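# Summary of structural features
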Amino acid sequence: MKNHIPTFDKFLNEAAASPSERAAALRAAEESKRQAVKATMQKLKDDPEKSDIHKAKLDVLNAKMTLFNLNKKLAAVIASHK
């Protein structure tokens, strides 16, 4: 049975054709995740009544950043073994 779910690289870089465009898309994705973390931290400071919600969002964002970093490391390892 074929797996129709796109890989992380294909999902992130659907429209990117060249390696430089893919690298730019990766940098943009990483920066957007960092900005989301900063925004959520600011919301946590500004709105302490909803701190549980903001902490949960931070946990999700940190998990996404961890996954993003692991995928980058995996890609580097795969590239070094080719």
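In this text, all values refer to a predicted model and were calculated from it rather than measured experimentally.

## Thoughts on the overall build of the chain
Secondary structure summary: the chain contains three helices and zero strands in total. Secondary structure of the chain in N-to-C order comes out as α-α-α. For the chain, the share of sequence-separated contacts (at least 6 apart) that also reach a separation of at least 24 residues comes to 44%. Accessible surface for the chain amounts to roughly 6,700 Å². Of this, 61% is attributable to carbon and sulfur atoms.

## Details of the confidence of the model for the chain
Of all residues in the chain, 79% attain a pLDDT of 70 or more, and the chain-wide mean is 83. Looking over the chain, one finds the lowest element-wise mean pLDDT in helix α1 (residues 8-12), namely 64, and the highest in helix α3 (residues 51-80), namely 91.

## Structural notes on the packing of helix α2 (residues 19-46) against α3
Two numbers describe how α2 lies on α3: the axes approach to 9 Å, and their chain directions differ by 160°. The pairing of α2 with α3 is recorded here as roughly antiparallel in orientation. Both α2 and α3 take part in a crossing whose hand is left-handed. In this structure, α2 contributes Leu26, Ala29, Glu30, Lys33, Arg34, Ala36, Val37, Thr40, Met41, Lys43 and Leu44 to the contact, and α3 contributes Ser51, His54, Lys55, Lys57, Leu58, Leu61, Asn62, Lys64, Met65, Phe68, Asn69 and Lys72. Its residues placed into classes, the contact of α2 with α3 shows ten nonpolar, five polar and eight charged.

The rules behind the values
Residues numbered from 1 in each chain as written. Predicted model: local features only at pLDDT ≥ 70, side-chain atom pairs only at ≥ 80, totals over all residues. Heavy atoms only, no water. Helix = DSSP H or I, 4+ residues; strand = E, 2+ residues; numbered from the N terminus. Contact = heavy atoms within 4.5 Å. Areas by Shrake-Rupley, 256 points an atom, 1.4 Å probe, with all protein chains shown as cover. pLDDT = per-residue confidence, 0-100. Axes fitted to C-alpha atoms, helices over the stretch in contact; angles between N-to-C directions. Parallel < 35°, antiparallel > 145°, perpendicular 65-115°, else oblique. Left-handed = near helix turned anticlockwise from the far one by under 90°. Nonpolar A, V, L, I, M, F, W, Y, C, P; charged D, E, K, R; others polar.

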